Amino acid sequence: MEQINKQIETIKNLSEQKIILSKENTKISFRIWGQSGPILVLLHGGYGSWMHFLKNVEELSKNFQVIVPDMPGFGESEPFPKVPNLDEYAQTLVDALYSLTNGSNYNIIGFSFGSAIGSHMIKFAGDKVNRLTLVGYNRTGNMPFKRPKMISWRDAKTEEELNAAQRHNLSVMMIHNKEKIDEMAINLQTLNTRGTKVRSLEIVASHDLPNRILSISQPIDIIWGEFDVTLIKGIDDAQSRMKELIPDVRFHIIPNSGHWIQFEEYDKFNSTIEKIYL
């Protein structure tokens, strides 16, 4: 485990951290990899942090400036004084990014919970956003989502019980190929869940994708793992429903992978992002 923590710290130390204050004086942590190229803003999932993209930031920073916030209430960022609705949450991030980038244009790549956030941000950011990519998206009103049965990691009394709970939760929710659930995956899951101070489900309760994207002109891509269990009616049904909603959407399906695609099949994910944005 010590070696894994060193690997995480090495990638973390390649970034520059910036703290932006919201209007509520909430501290929001942003980490930046790369100094040139189009700006990619990567938004993590629920119970996550910048570490949801641990296997992506270094490679993507070769061609892009990669900005990854720990969104409010996650990781190194503070929670809001009270739980905001999704529009308020998205507006705060848009304002923070405007300050951070000096008003530069950027692209949004949102994973899971982050894809819901990103789809609301694009309404408030307007033409500052060039393109939106939804990763593991599962939350339109006509695409029912049901969280698989999880084991409470908080109830673990030993490190072995903790690791077993995290391994189980990763296997039923996040990663399709069980051999990919290694010590790194378990450690990241533990760090991320322990660093979470809010319930993402409370924030996304007000999510309304159709009313957020009907008036936008930016291109939208969706990346899914072939066996993403959060698409409870399967990948074909998900594509059909999203095509009805966004006729010009482009789908990118990564074979033999689950929900946390950018970890499980990071090389294929990275090349897909490069194909979309270069």
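Residues numbered from 1 in each chain as written. Predicted model: local features only at pLDDT ≥ 70, side-chain atom pairs only at ≥ 80, totals over all residues. Heavy atoms only, no water.

Looking at the overall build of the chain
Item 1. Scanning the chain for helices and strands turns up eleven helices and eight strands.
Item 2. Compactness check: the chain gives a C-alpha radius of gyration of 17 Å against a globular reference of 19 Å for 278 residues, within 12% of the reference.
Item 3. Each of the three principal axes of the chain carries a C-alpha extent, and together these read 50 × 40 × 40 Å.
Item 4. Partitioning the contacts of the chain with sequence separation of at least 6, the portion at a separation of at least 24 is 74%. (Helix = DSSP H or I, 4+ residues; strand = E, 2+ residues; numbered from the N terminus. Rg over C-alpha atoms; globule rule 2.2 N^0.38 Å. Contact = heavy atoms within 4.5 Å.)

Thoughts on the nonpolar core
For soluble globular proteins, nonpolar side chains are generally found buried alongside one another.
Item 1. Ranked by internal contacts, the top residues of the largest apolar core, which has 44 residues, are Tyr89, Tyr106, Ile117 and Met121.
Item 2. Setting aside residues up to four positions removed in sequence, Tyr89 forms contacts with Met71, Pro72, Phe74, Phe80, Pro84, Phe113, Ile117 and Ile203.
Item 3. By size, the runner-up hydrophobic cluster in this structure holds 36 residues, among which are Val68, Met173, Trp260 and Ile273. (Core = buried A, V, L, I, M, F, W, Y, C linked by side-chain atoms within 4.5 Å. Buried < 20%, exposed > 50% of the residue type's maximum accessible area, 1.4 Å probe, protein only.)

A look at the side chain of Gln262
Item 1. With respect to the element layout, Gln262 can be found in helix H10 (residues 261-264).
Item 2. Assessed through its relative accessible area of 0%, Gln262 is described here as buried.
Item 3. At 3.4 Å, the side chain of Gln262 and the backbone oxygen of His52 are in polar contact.
Item 4. Non-local contacts of Gln262, meaning those with residues more than four positions away in its chain, are made with His52, Phe53, Lys55, Asn56, Phe111, Val135 and Phe269. (Polar contact = N/O pair within 3.5 Å; in protein donor to acceptor, adjacent residues only side chain to side chain.)

A word on the sheet that holds strand E2 (residues 27-33)
Item 1. Taken in spatial order, the eight strands line up as E1-E2-E4-E3-E5-E6-E7-E8 in an open sheet, and their pairing is mixed. Two strands bound the open sheet, and with one partner strand each, they are strand E1 (16-21) and strand E8 (250-254). Neighbour-to-neighbour, the strand axes of this sheet turn through a mean angle of 20°, independent of strand direction.
Item 2. Looking at chain direction, E2 and strand E4 (residues 65-70) are connected through five bridges and run antiparallel. Residue pairing for E4: Ser29 is matched across the bridge by Asp70.
Item 3. Running at roughly 150° to strand E5 (residues 106-111), helix H4 (residues 113-125) makes contact with strand E3 (39-43), E5 and strand E6 (129-135) of the sheet. (Pairing = 2+ DSSP bridges. Axes fitted to C-alpha atoms, helices over the stretch in contact; angles between N-to-C directions.)

Brief notes about the packing of aromatic side chains
Two descriptors summarise a pair of aromatic rings, namely the distance from one centre to the other and the angle between the planes of the rings.
Item 1. For the structure on display, the rule yields six aromatic pairs.
Item 2. Arranged with centres 5.4 Å apart and planes meeting at 45°, the rings of Trp33 and Trp50 form a pair that is tilted. Of this pair, Trp33 sits in strand E2 while Trp50 is found in the loop between E3 and helix H2 (57-60), placing the two residues 17 residues apart along the sequence.
Item 3. The exposure class of Trp33 is buried, given its relative accessible area of 2%.
Item 4. Summarising the aromatic geometry, the rings of Phe74 and Phe113 are spaced 5.6 Å apart at their centres and angled 45° between planes, so their arrangement reads as tilted. Of this pair, Phe74 sits in the loop between E4 and helix H3 (86-101) while Phe113 is found in helix H4, placing the two residues 39 residues apart along the sequence. (Phe/Tyr/Trp six-rings, centres within 6.5 Å; stacked < 30°, edge-to-face > 60°.)

Details of the environment of Lys18
Item 1. Along the chain, the position of Lys18 falls in strand E1.
Item 2. Lys18 sits 37 residues away from Lys55 along the chain, and the two C-alpha atoms are 21 Å apart.
Item 3. Apart from the residues lying within four places of it in its own chain, the contact partners of Lys18 are Ile28, Ser29, Phe30, Ile32 and Leu100.

Regarding unusual backbone geometry
Item 1. Although it is not a glycine, Asn25 adopts a positive phi angle of roughly 65°.
Item 2. Structurally, the position occupied by Asn25 is in the loop between E1 and E2.
Item 3. Positive phi is not limited to glycine here, since Tyr47 has a value of about 50°.
Item 4. Relative to the helices and strands, Tyr47 resides in the loop between E3 and H2.

Digging into helix H9 (residues 235-245)
A turn of α-helix holds 3.6 residues, and therefore any two residues three or four places apart point the same way.
Item 1. Residues of H9 that are buried include every one of Ile235, Ala238 and Met242, and no others. The buried residues of H9 occupy an angular sector of 60° when projected down its axis, which confines them to one face. In H9, the exposed positions that point more than 90 degrees away from the buried face belong to Asp236 and Glu244. (Arc of directions from axis to C-beta.)

Observations concerning the confidence of the model for the chain
Item 1. Considering every residue of the chain, the mean pLDDT works out to 93; 95% of them sit at 70 or more.
Item 2. The secondary-structure element of the chain with the lowest mean pLDDT is helix H8 (residues 209-213), recorded at 67, while E3 shows the highest, at 99. (pLDDT = per-residue confidence, 0-100.)

Comments concerning the pattern of salt bridges
Side chains that differ in charge, positive against negative, can pair when their charged atoms come close.
Item 1. Tallied over the entire structure, the rule returns ten salt bridges.
Item 2. Of the charged contacts, one joins Arg131 and Asp221 as a salt bridge, the two residues approaching to 2.6 Å between their closest N and O atoms. Separated by 90 residues along the polypeptide, Arg131 in strand E6 and Asp221 in strand E7 (residues 220-225) bring together distant segments of the chain. Grouping residues by exposure puts Arg131 and Asp221 together as buried.
Item 3. Salt-bridge contacts for Asp237 lead to Arg241; the nearest nitrogen and oxygen are separated by 2.8 Å. In this pair, Asp237 and Arg241 both sit in helix H9, four residues apart, roughly one turn of the helix. (Salt bridge = Lys/Arg side-chain N within 4 Å of Asp/Glu carboxyl O.)

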